[in-house]
Amino acid sequence: MKTTWYFDNRVLPRRPELRMEWIQAVLDNPVQVQIEDNGRVRRWGFIEERGRYLRVITEPDGETVHNAFLDRRFRPSN
């Protein structure tokens, strides 16, 4: 999995609970996808172990991970 400098040096140290297998699972099988105005791609997936949705944001290439966090406010659209 490709990652940005920001993800490696800012996100992971602040969020040690994140697991790379969770991030890969969301990239492989998101429940919802949204394109940001700047071209970055938001994907959400449910993490059973945590009982929450994980938001993974990639660069416009759709594969380089820029950010990831457990999203308390996300509700999947029907």
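See the structure shown above.
Cut-offs used in this document
Residues numbered from 1 in each chain as written. Predicted model: local features only at pLDDT ≥ 70, side-chain atom pairs only at ≥ 80, totals over all residues. Heavy atoms only, no water. Helix = DSSP H or I, 4+ residues; strand = E, 2+ residues; numbered from the N terminus. Buried < 20%, exposed > 50% of the residue type's maximum accessible area, 1.4 Å probe, protein only. Polar contact = N/O pair within 3.5 Å; in protein donor to acceptor, adjacent residues only side chain to side chain. Contact = heavy atoms within 4.5 Å. Pairing = 2+ DSSP bridges. Phe/Tyr/Trp six-rings, centres within 6.5 Å; stacked < 30°, edge-to-face > 60°. Core = buried A, V, L, I, M, F, W, Y, C linked by side-chain atoms within 4.5 Å.

Visitor: Explanation requested: the side chain of Glu36 in the structure shown.
Guide: Inspection of the secondary structure assignment puts Glu36 in the loop between strand 1 (32-35) and strand 2 (41-47). The buried category is assigned to Glu36, whose relative accessible area is 16%. Engagement of the side chain of Glu36 in a polar contact is seen with the side chain of Arg42, the distance being 2.8 Å. Apart from residues no more than four positions distant in its own chain, Glu36 is found in contact with Arg42 and Ile57.

Visitor: Which parts of the structure should I look at to understand the pairing of strand 1?
Guide: Each regular strand shows side chains that alternate between the opposite faces of the sheet. Pairing analysis gives 4 bridges linking strand 1 to strand 2, with the strands arranged antiparallel. The residue bridging Val33 from the neighbouring strand is Arg43, located in strand 2. Linkage of strand 1 to strand 2, two consecutive antiparallel strands, is achieved through a turn of 5 residues, within which Gly39 is found at a positive phi near 95 degrees.

Visitor: Honestly, the packing of aromatic side chains in this entry has me stumped. Any pointers?
Guide: Two aromatic rings, taken as a pair, are described by how far apart their centres are and by the angle between their planes. Under the criterion given, the structure shown has 3 aromatic pairs. Between Phe46 and Tyr53, the ring centres sit 5.0 Å apart and the planes meet at 65 degrees, which makes this aromatic pair edge-to-face. The partly exposed category is assigned to Phe46, whose relative accessible area is 36%. Each ring, one from Tyr53 and one from Phe74, has its centre 4.9 Å from the other, and the planes form 70 degrees; the classification is edge-to-face. Here the residue Tyr53 occupies a position in strand 3 (residues 52-58), and Phe74 occupies one in the segment after strand 4 (65-71), the gap between them amounting to 21 residues. Of the aromatic side chains, those joined through ring pairs into one cluster are Trp44, Phe46, Tyr53 and Phe74.

Visitor: What is the right way to read the nonpolar core from this model?
Guide: Most often, soluble globular proteins have nonpolar side chains that are buried together. Membership of the largest hydrophobic core comes to 13 residues, with the highest contact counts inside it found for Phe7, Ile23, Leu54, Val56, Val65 and Ala68. Mapped onto this core, the elements with two or more residues apiece are helix 1 (5-14), helix 2 (20-28), strand 3 and strand 4. Looking at this core, the element that brings in the most residues is helix 2, giving 4 residues. Those residues in contact with Phe7, other than ones at most four positions away along the chain, are Leu12, Pro13, Met20, Ile23, Val65, His66, Asn67 and Ala68.

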